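The lines below spell out each chain.
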Amino acid sequence: MQDYQFLAVMCCVLLMQTWCWATAVATSSTLNDFSASVKIGAILDFNSPIGSFARKTIELAVQDVNNAHLLNATQLELEMYDSGSNPVQGAASAVELVKGGVVAVVGPQSSAVSQFAAYIGKEATVPFISFGATDPNLSETQYPYFIRVAPSDVLQMQAVAAFVGNYGWKEVVMFHMDDDYGTNGASKLSDSLQRKGSKIVDKVAFVPWVEKDGIDKELSMLTNRQTRIFIVHTQSDVGFLILQEAYYLNMMTSGYVWIVTDLVTTDLGSLQFDPKVQLYTQGVVGVRRYIRHSQELHNFVVSWKRSYPHLSLDLYVNQNNAYGLYAYDAVWTAARAISSYLNDEHEINFIKPPEKPTQSGGRSELAQMPIFQGGKTMRGYILNTSFVGASGVVKFDETGDLADAAFEYTNMVGRSLHVVGYWWANNSGVSLKLPPSTELSILDSAPDEEFFLAHDGKPETSTNMSIIWPGGDALTPRGWVLPKNGRPIKIGVPRKAGYTELVQVTINSDNTTTYTGFCIQVFEAALKYLPYAVPYTYEMFGDGLTTPEYSLLVQKLAHQEYDGVVGDVAILADRLRIVDFTQPFLESGLVVLAPVKNKRENNPWAFLRPFKAQLWITVLLSFIFTGSVIWILEHKVNEEFRGPPRTQLVTVLTFIFSTLFFSQREDTRSFLVEQLAPTIQGLETLIQSNLPIGYQDGSFVRDYLIALHVSPSRLKPLSSREKYHRALDLGPGRGGVAAIVDELPYIELFRQSNCKHYSIVGQEFTKSGWGFAFPRGSDITADLSQAILKMSQTGELQHIKDYWFKDTVCEEATNNSEAESLQLDLKSFWGLFLISAIASVVCVLLHLICLVKDYRNQLTMQQEATVLVRDGGSLQHIRKFLAYIDKSDSAQHENQMYSSNSFLNNRLSSLDDSSVKSISSPFGEGRTKAHT
């Protein structure tokens, strides 16, 4: 910033010394000759490739405007100044143009010059229409009269970031100019890369006069870094010097990626390109503005060939200089605005600025610059201008920036650039198809996502562009390698007391250390899938007597004490906040392990355990009730339910127990004894039981259970399988634990030798997995994740697991895991008892109805069998009915037959006696006596 202040002061001094001969501007002047011509200015670097081409396109544009009579009878005049890419010289040129009465200025060409010219335009209210300044900060509101037809570097850096994100590269190194153009461009690229999940790890700034030695020094230091993605955002001469020195340092070989922005790309594709540069630019990827083949571009080429027949121009093949087309369209933009200004009958007037005190520089040439009175109106006409020009759609937003732009990716192969892909504004993906047609309506329409294979910075699949990379490789570089002179990465390995099948650290007699186990074998197998060698060394963490704190191990990795961690490390949310994990190589989750009682233990009352006491009482009462119903139904028709009361009671009880144990021919041993299970059926009941809980020492399980409001006093750390077995065997009553909460892989290893005595109860919870941990942003994380996926697909990962996790077949334990751990209570069967009771009651009622009916029929027949029957009352009827119920059907049948015979005999006898006595006594005395 101090340099710019110094330049500003020098600008004032030079202006005062150089322009002391200039003619002062009148207090108020009206250019009456504007009816014949209107003057515009241009500021550019005549000697640069861009400036040289832009100078001709500006002159051509003025000629075409006048030939088209866009301003009717008014001619457009042009006055050009050479800035030489010097901010002071450019500012002086801007002052001269304003003093000369221009109504608009095409330029400046560079961002550095534009910083000064924009302030001059603000003071003189003269619009500056730049065709080459791309500094993002020029869009700020402090430059209201600065407008540009060249796209801002905000869009270009989004295109670069999309290219980097397309290939999944995470880290890049950026070279940029040590000025506002380079610094602000690097800042915008950093923002765009961050949205893609990438970052700039190094920024190297160069001054315009940098020499080879300075570049060699910076490049040599970068060879020691692992990043191999380099982005060059500099002036073309500095950019080519960087590429040349990189070639001599063998940084243009296989594995490297070089991306250059538009300034270098433009010169790289120019016809004046030095053939010697081909040697050190092979495989370079360039980003530049996409120019569609349109009728307007065709008209420009025709006009160019007519005006410059001796200069070849093949824009259709190389599109070698888009900045020249920007300059051409900038003139047309100014001309269209001037036409609208004049058609609305506005006058072109310049007024003298307000006087300033002498001590404030009031006598300087800068203080006495005239002010364009219609500048604000002219600016409004420019911002409202929209048309399709030679470079594409020209339309501005409220800040004066180009509202839309498309870019293309080029690849230097042989002697020319080859277009390999596209990117355009309002979208974030990389496309192999051409951008949408350049119509004005496209600016107001929604993005056409059909063209893209990637959206919102999250590519579904990377776009496969046909690129030949440095070194002649067609395969996409990885973007990073381990430096040759770098140290091996240090891998932390937990040394624990138990579960050596997972990680085992052995110190040999020769003081060497051997690392084996499931996790170690998976890690070393995954490294073989990487296309590059990874030197590494193991370093144990822990003493082997106790299990170390895994959270502390992860924290040490985050603090860069380790370069990676390999072991049985669970992937947890709080750990993911500080480190990166690979794809899980083993699924895991917390489970509850509880002891199982001996299914054949010699307990005489074991058969009572399946049911609670309340249910046993209900079952017993139900059986008694059901037996009573059966006795009622069978007593009259089944001889086995008759006899003395003691015999009938034995019969009923025998039937009840035979129904219980043999009616369905079920194996009662399976139902009453063999279906016993642990008293804990899951995590919920374990937490509510207030029983002691075991967990693996050093595990995250302790914090997890405490978070579930489990008292720390209930938690007991256990470090080995032997302690697991002892704690479960003792139980909560003798200083042990009721159950153990641990990750599933540990439990599987534990049950290999104890499956008959312990089982997993409840469901697995807190699904997670084990992965290898690395620092945040490490590229090896993604590579190892891909390797683990390949191992899973090929079956190698499963083979390794089968070797260390030997599947022990334990049929009894498998069956036991299906057993219910709860005793059954009345609530589970009250519906069944209700149905049984209703059915029994209905049967008894129907049976009683039938008995009553039969009893009434029999009583009627008995009454008819006797001549006179005296009613003995209700008590006598009840006794007779109960006697009738107790009497068997066979006895009743005999009584019925006897009663029927007696009835017939009595009737016959009665008839005989009545006949005899009727003859002797006409009054029927014999009948009366017989009845008596």
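Keep in mind it's a predicted model, so treat the numbers as computed, not measured. (Residues numbered from 1 in each chain as written. Predicted model: local features only at pLDDT ≥ 70, side-chain atom pairs only at ≥ 80, totals over all residues. Heavy atoms only, no water.)

**Focus: the packing of helix α12 (residues 322-343) against helix α13 (residues 375-383)**
When two helices pack together, their arrangement is given by the angle between the helix axes and the distance between those axes. Just so we agree on the cut-off: Convention adopted: a line fitted to C-alpha atoms gives each axis, helices being fitted over their contacting stretch, and angles between N-to-C directions are expressed from 0 to 180 degrees. Working definition: helices are DSSP H or I runs of at least four residues, strands are E runs of at least two. Numbering for both runs from the N terminus. Each angle gets one of four labels, with under 35 degrees taken as roughly parallel, over 145 as roughly antiparallel, 65 to 115 as roughly perpendicular, and the rest as oblique. Left-handed describes a crossing whose near helix is turned anticlockwise from the far helix through less than a right angle; right-handed describes the clockwise counterpart. In this analysis, two residues are considered to be in contact whenever any of their non-hydrogen atoms come within 4.5 Å of each other.
Closest axis-to-axis distance for the α12/α13 pair is 8 Å, and the angle between their directions is 120 degrees. The angle between the axes of α12 and α13 places the two elements in the oblique class. Considering only the axes of α12 and α13, their crossing is right-handed. Residues T333, A337, I338, S340 and Y341 of α12 touch α13, and the partners they reach there are T377, M378, Y381 and I382.

**With respect to the pattern of salt bridges**
Note the threshold: Salt bridges are defined by distance alone: a side-chain nitrogen of Lys or Arg within 4 Å of a carboxyl oxygen of Asp or Glu. The buried label applies to any residue whose accessible area, calculated with a 1.4 Å probe on protein chains only, is under 20% of its type's maximum; exposed applies above 50%, and partly exposed to all values in between.
By the definition in use, this model includes 12 salt bridges. Notably, a salt bridge pairs E539 with K490, separated by 3.9 Å at the nearest N-O pair. Placement of E539 in strand β23 (residues 536-541) and of K490 in strand β20 (residues 489-494) is noted, with a sequence separation of 49 residues between them. Given a relative accessible area of 33%, E539 falls into the partly exposed group. We note a salt bridge from D580 to R776, for which the minimum N-O separation is 2.9 Å. With D580 in strand β25 (residues 579-581) and R776 in the loop between β31 (773-775) and α24 (779-794), this residue pair connects regions lying 196 residues apart in the sequence. For R776, a relative accessible area of 48% translates into the label partly exposed.

**Brief notes about the packing of aromatic side chains**
Selection criterion: To pair, rings of Phe, Tyr and Trp, with the six-membered ring standing in for Trp, must have centres within 6.5 Å; the planes then decide the type, stacked if under 30 degrees apart, edge-to-face if over 60, and tilted in the middle. Two limits define a charge over a ring: the Lys NZ or Arg CZ must be within 6 Å of the ring centre, and within 35 degrees of the ring normal.
In the structure shown here, the tally under the stated rule is 39 aromatic pairs. Here the aromatic rings of Y515 and Y538 are separated by 4.9 Å at their centres, their planes lie at 45 degrees, and the arrangement is tilted. Note that Y515 is positioned in strand β22 (residues 513-516) and Y538 in strand β23, a separation of 23 residues in sequence. For Y515, a relative accessible area of 14% corresponds to the buried category. Classification of Y538 by relative accessible area gives buried; the value is 18%. Ring pairs connect the aromatic residues Y515, F518, F523, Y536, Y538, F585, F772 and F805, which therefore count as one cluster. Lying over the aromatic face of F46, R55 brings its terminal NZ or CZ to 4.1 Å of the ring centre. R336 extends its terminal NZ or CZ atom over the ring of F387, reaching a point 4.4 Å from the ring centre.

**Describing unusual backbone geometry**
Each neighbour pair has its own omega, and for G107 with P108 the value is 0 degrees, a cis peptide bond. In this model, E345 sits at a positive phi of 60 degrees, which is unusual for a non-glycine residue. Among the secondary structure elements, E345 is positioned in the loop between α12 and β12 (349-351). You will see that N511, though not glycine, has its phi angle at about 70 degrees, which is positive. Position of N511 among the secondary structure elements: in the loop between β21 (504-507) and β22.

**As for the pairing of strand β9 (residues 229-233)**
Heads up, the rule is: Any two strands are treated as partners once DSSP identifies two or more bridges connecting them.
Here β9 lies mainly inside the structure; 5 of its 5 residues are buried. Every second residue of β9 is oriented toward a common face, with I229, I231 and H233 on one face and F230 and V232 on the other, all of them buried. Strand direction decides the pairing type here: strand β7 (residues 171-177) and β9, joined by 4 bridges, are parallel. Each residue of the ladder has a partner; that of M174, found in β9, is I231. Here β9 pairs with strand β10 (residues 257-260) via 4 bridges, running parallel. Counterpart to I231 in the pairing with β10 is I259.

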